[in-house]
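# Survey of secondary and tertiary structure
This is what each chain is made of:
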Amino acid sequence: MKGFLALEDGTVFRGDSVGADGFACGEAVFTTGMAGYQEAVTDPSFAEQIVCFTAPMVGNYGVSDDRSESKKAHAKAVLMREARGPAWTDWLHERGVLALTGIDTRSLVLKLRDAGAMQAVVVSGPGDVEEAVAQAATQQSMSGRALVEDVSTKEPYVYRDSGRARIACVDYGVKRSVLRRLAAAGAAVTVYPHDVDADELAGYDGVLLSPGPGDPAPLRVQTATVRDLLGRTNILGICLGHQVLAMATGHETFKLPFGHRGANHPVLQRDG
């Protein structure tokens, strides 16, 4: 079955459908990881996004339940140059994730790198290109969107009940691998919803503010909680959590043109 990606500026990329049927709307972004495709799709930080993989072959080492970063797939759709299966493509189909193979991912990534992340529509099966472009152009930008409530746990839970340090994790969209790392380091870990109050957290040896999706700017309640927590315990933020911590200490955030997603980020060192 054929399919296509329509960007808000009218650019269209065509490919073959290897996932669920239908259409999906989201922000088109790319990730540079050479591995970890299942982890990326189940990462809550990819909520409301259409993920393009820069790796030329995706799915070549299959899938496994213990690789998922959460209970479900969060990415709205997946774009690949060459999808390998059937384990990977069956996994996508079973979870209702739209997926296209045969996409010119190099050209797409260069476009997103130069123009920035764009709103987009992925269509699997018959669809009108002009309607898809129009729909992409009317989608709400990720700027100003608070998404943590959609991915956070609703109730506190104990991940590990004993350890040499007691750590509270505020779940803005935490990945399982983060919790595993804390437990492996010898921490007792309790996970709390995104709207936990500061008094609940202050008694812990440390608080981890987790990664998560969306724009940190509208997270005013969460920022106020962290501000109230300052000086009462140790605080570490990762990704979105780090941004919330920055705002709590008086700083401002801004959206990068295309963000940094993946495991291999080149670094340029300038002398002097």
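Here, every reference points to the structure presented above.
Before going into details, it helps to say that this report is about the structure given with it.

In terms of helices and strands, the protein carries nine helices and 14 strands. Its C-alpha atoms give the protein a radius of gyration of 19 Å, near enough to 19 Å, the size a compact globule of 272 residues would have. Projecting the C-alpha coordinates of the protein onto the three principal axes gives extents of approximately 55 × 45 × 35 Å. A total of 272 residues make up the protein; the buried ones form 50% of that total. In the protein, the share of contacts with a sequence separation of at least 24, taken over all contacts with a separation of at least 6, comes to 72%. For the protein, the exposed surface amounts to about 13500 Å²; the carbon and sulfur share of it is 49%. The average position of the 27 basic charges and that of the 33 acidic charges among the side chains of the protein differ by 5 Å.

Among the residues of helix H4 (residues 129-138), Ala 132, Val 133 and Ala 136 are the ones counted as buried. For H4, the arc enclosing every buried residue in end-on projection is 100°, short of the 170-degree limit, so these residues lie on one face. For H4, the exposed residues lying more than 90 degrees away from the buried face are Glu 130, Glu 131 and Thr 138. By the N-cap criterion, in which a side-chain oxygen at the helix start approaches the backbone nitrogen of a residue two or three places on, H4 is capped by Asp 128, the distance to Glu 130 being 3.0 Å.

For side chains bearing opposite charge, pairing can occur when the charged atoms are close. Across all of its chains, the model carries 11 salt bridges by this definition. The shortest N-O distance in the salt bridge between Asp 43 and Lys 175 comes to 4.0 Å. Of the two residues, Asp 43 is situated in the loop between helix H1 (37-41) and strand S4 (49-53) and Lys 175 in the loop between strand S11 (165-170) and helix H6 (176-184); the sequence distance between them amounts to 132 residues. For Asp 43, a relative accessible area of 9% corresponds to the buried category. A relative accessible area of 24% means that Lys 175 is categorised as partly exposed.

About the cut-offs
- Residues numbered from 1 in each chain as written.
- Predicted model: local features only at pLDDT ≥ 70, side-chain atom pairs only at ≥ 80, totals over all residues.
- Heavy atoms only, no water.
- Helix = DSSP H or I, 4+ residues; strand = E, 2+ residues; numbered from the N terminus.
- Rg over C-alpha atoms; globule rule 2.2 N^0.38 Å.
- Buried < 20%, exposed > 50% of the residue type's maximum accessible area, 1.4 Å probe, protein only.
- Contact = heavy atoms within 4.5 Å.
- Areas by Shrake-Rupley, 256 points an atom, 1.4 Å probe, with all protein chains shown as cover.
- Lys, Arg positive; Asp, Glu negative; His and termini not counted.
- Charge placed at Lys NZ, Arg CZ, Asp CG, Glu CD.
- Arc of directions from axis to C-beta.
- Polar contact = N/O pair within 3.5 Å; in protein donor to acceptor, adjacent residues only side chain to side chain.
- Salt bridge = Lys/Arg side-chain N within 4 Å of Asp/Glu carboxyl O.

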